[in-house]
Amino acid sequence: MPPTRRLATALAATALALSLAACGEPEEEAAQDPGRSDRAAEVNTSPDQDRIRTDEVPDIAALVPAEIRDRGTLEVVNSVGATPPLNFYATDDETVIGVETDIASLVADVLGLELRQSTVDWANIFVGLDSGRYDAGFSNITVTEERKDKYDFATYRLDNVAFEAPAGADWRVEGPEDVAGRRIGVGSGTNQEEILISWSEQNEAAGLEATDIAYYQTPTDYYLALSSGRLDAYLGPNPSAAYHSRVSGETEIIGTVSGGGDEIQGEIAATTRKDNGLVEALAAALNEVIDNGTYAQVLDRWGLADEAVEESEINPPGLPRQDG
């Protein structure tokens, strides 16, 4: 196994194991809280995924550029992260599984192509798309105005961040005022931090208490802080928070907000080299699986139904350009 794969696998296993272990042993917790077993859910992380499949649609397959159609494969690139349920390694430490892989598989089905996946580090996703080595990226890629200069996008999921609190929390987050005076954890240098700082400043300007922002860099630390009551909630990416709350039963999502903050609803999209002729086929395939229900089945499978889009859009408004 290549070093990069071993490292990614180790990170994924460690992050998940530590985040679950941070809340104690399952048997011990079940005894203390009989309701825990009702909240926790088992997720298939074996290499035998029995993926949800769909049929080819010839009219949509005909939209695929001739070079790709003649080749017969859809070359998809992804990057395996440290946290499920996006792209991550199955229990065999080799098979890439997750919501991104499942959606790419559905798209390939509609297009009548064999899905072939390549796993690389994040930067090489874009290097490979630029060179034409890969047809499309399915790897939690957010649409941004900067990226639209070089790439075409077909959206398939909302880009949300989530407030994760201990299970049974008696409060919810719907806007800035709900975190006034609360102690909220966040990762340094993230867009979640920017959102939280902005909300705290809005609250202070309105005469409310500032948010007590606490910084954490590992799941182990912030899940310990949540379980011990040192944090009211942690603001992080919705997919990982939703997955953790689902498999542990120890936390719950009490509110979500766009990863773009107050300015725009962030969206995740299939990404392809600009003007290579593939984006129309990708969007049409995504709309087919949205309409036939298999898309919803995939999101439900991974606990991400709240990130569903009503339709796939080509090159919608993206996150604003960064200053400078």
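Refer to the structure presented above.
Quick caveat, the model's predicted, so the values are computed rather than measured.

What counts, and where the lines are drawn
Residues numbered from 1 in each chain as written. Predicted model: local features only at pLDDT ≥ 70, side-chain atom pairs only at ≥ 80, totals over all residues. Heavy atoms only, no water. Helix = DSSP H or I, 4+ residues; strand = E, 2+ residues; numbered from the N terminus. Buried < 20%, exposed > 50% of the residue type's maximum accessible area, 1.4 Å probe, protein only. Areas by Shrake-Rupley, 256 points an atom, 1.4 Å probe, with all protein chains shown as cover. Phe/Tyr/Trp six-rings, centres within 6.5 Å; stacked < 30°, edge-to-face > 60°. Polar contact = N/O pair within 3.5 Å; in protein donor to acceptor, adjacent residues only side chain to side chain. Contact = heavy atoms within 4.5 Å. Core = buried A, V, L, I, M, F, W, Y, C linked by side-chain atoms within 4.5 Å. Axes fitted to C-alpha atoms, helices over the stretch in contact; angles between N-to-C directions. Parallel < 35°, antiparallel > 145°, perpendicular 65-115°, else oblique. Left-handed = near helix turned anticlockwise from the far one by under 90°. Nonpolar A, V, L, I, M, F, W, Y, C, P; charged D, E, K, R; others polar. Salt bridge = Lys/Arg side-chain N within 4 Å of Asp/Glu carboxyl O.

1. With respect to the overall build of the protein
Phase 1: Check the secondary structure of the protein and you find 12 helices and 11 strands.
Phase 2: Relative to its 324 residues, the protein shows a buried fraction of 50%.
Phase 3: With the model as given, the accessible surface of the protein reaches about 14,600 Å², and the carbon-plus-sulfur share is 46%.

2. Thoughts on the packing of aromatic side chains
Phase 1: The full count for this structure, using the stated rule, is 8 aromatic pairs.
Phase 2: A ring pair is formed by F88 and W302, whose centres lie 5.9 Å apart and whose planes are at 85°; its orientation type is edge-to-face. With F88 in strand β2 (residues 88-89) and W302 in the segment after α12 (294-301), the pair connects residues that are 214 residues apart, well separated along the chain. Of the two residues, F88 and W302, both sit in the buried class.
Phase 3: An angle of 10° between the planes, with centres 3.6 Å apart, marks the rings of Y222 and Y234 as stacked. Highlighted residues: Y222 in helix α9 (residues 219-228) and Y234 in strand β9 (residues 233-237), separated in sequence by 12 residues. Y234 shares its class with Y222; the two are buried.

3. Observations regarding the side chain of R157
Phase 1: Tracing the chain through its elements places R157 in strand β6 (residues 151-166).
Phase 2: Side-chain polar atoms of R157 contact the side chain of E100, separated by 3.2 Å.
Phase 3: Within the structure, R157 has its side chain in polar contact with the side chain of N140 (distance 2.6 Å).
Phase 4: Beyond its immediate stretch of four places on either side in the chain, R157 contacts L86, E100, N140, P239, E267, I268, Y295, L299, L304, E307 and V309.

4. Here we look at the nonpolar core
Phase 1: By size, the foremost hydrophobic cluster in this structure holds 45 residues, and its most contacted members are V99, I103, V107, L111, F138, L282 and W302.
Phase 2: Counting residues per element, the ones that place at least two in this core are β1 (73-78), α6 (99-111), β6, α10 (238-248), β11 (266-273), α11 (279-292) and α12.
Phase 3: Look past the residues within four positions of V107 in its chain and what remains in contact with it is L74, F138, L282, A285 and L286.
Phase 4: By size, the runner-up hydrophobic cluster in this structure holds 16 residues, among which are V161, A165, I195 and A233.

5. Examining the environment of E280
Phase 1: Checked against the element boundaries, E280 lands in helix α11.
Phase 2: Separated by 217 residues in sequence, E280 and L63 have C-alpha atoms that sit 7.0 Å apart.
Phase 3: Excluding anything up to four places from it in sequence, E280 contacts L63 and I314.

6. Topic: the packing of α6 against α12
Phase 1: The interhelical angle for the contact between α6 and α12, taken along N-to-C directions, is 165°, at an axis separation of 10 Å. As judged from the angle between their axes, α6 and α12 are roughly antiparallel. In this structure, the crossing between α6 and α12 has a hand that is right-handed. Packed against α6, whose contacting residues are V99, D102, I103 and L106, the element α12 presents T294, Y295, V298, L299 and R301 at the interface.
Phase 2: The residue inventory of the contact of α6 with α12, partitioned by class, reads 6 nonpolar, 1 polar and 2 charged.

7. Points about the environment of Y89
Phase 1: In this structure, Y89 sits in strand β2.
Phase 2: For the pair Y89 and T45, spaced 44 residues apart in sequence, the C-alpha separation works out to 8.1 Å.

8. Quick word on the pattern of salt bridges
Phase 1: With the rule as written, the count across this model stands at 14 salt bridges.
Phase 2: Note that R71 and D135 form a salt bridge whose closest N and O atoms lie 2.7 Å from each other. Here R71 is found in helix α5 (residues 66-71), whereas its partner D135 is found in the loop between α7 (122-131) and β5 (136-137), with 64 residues between them in sequence.
Phase 3: Overall, R71 belongs to the partly exposed group, its relative accessible area being 34%.
Phase 4: With its nearest N and O atoms 2.9 Å apart, the salt bridge here joins D212 to R183.

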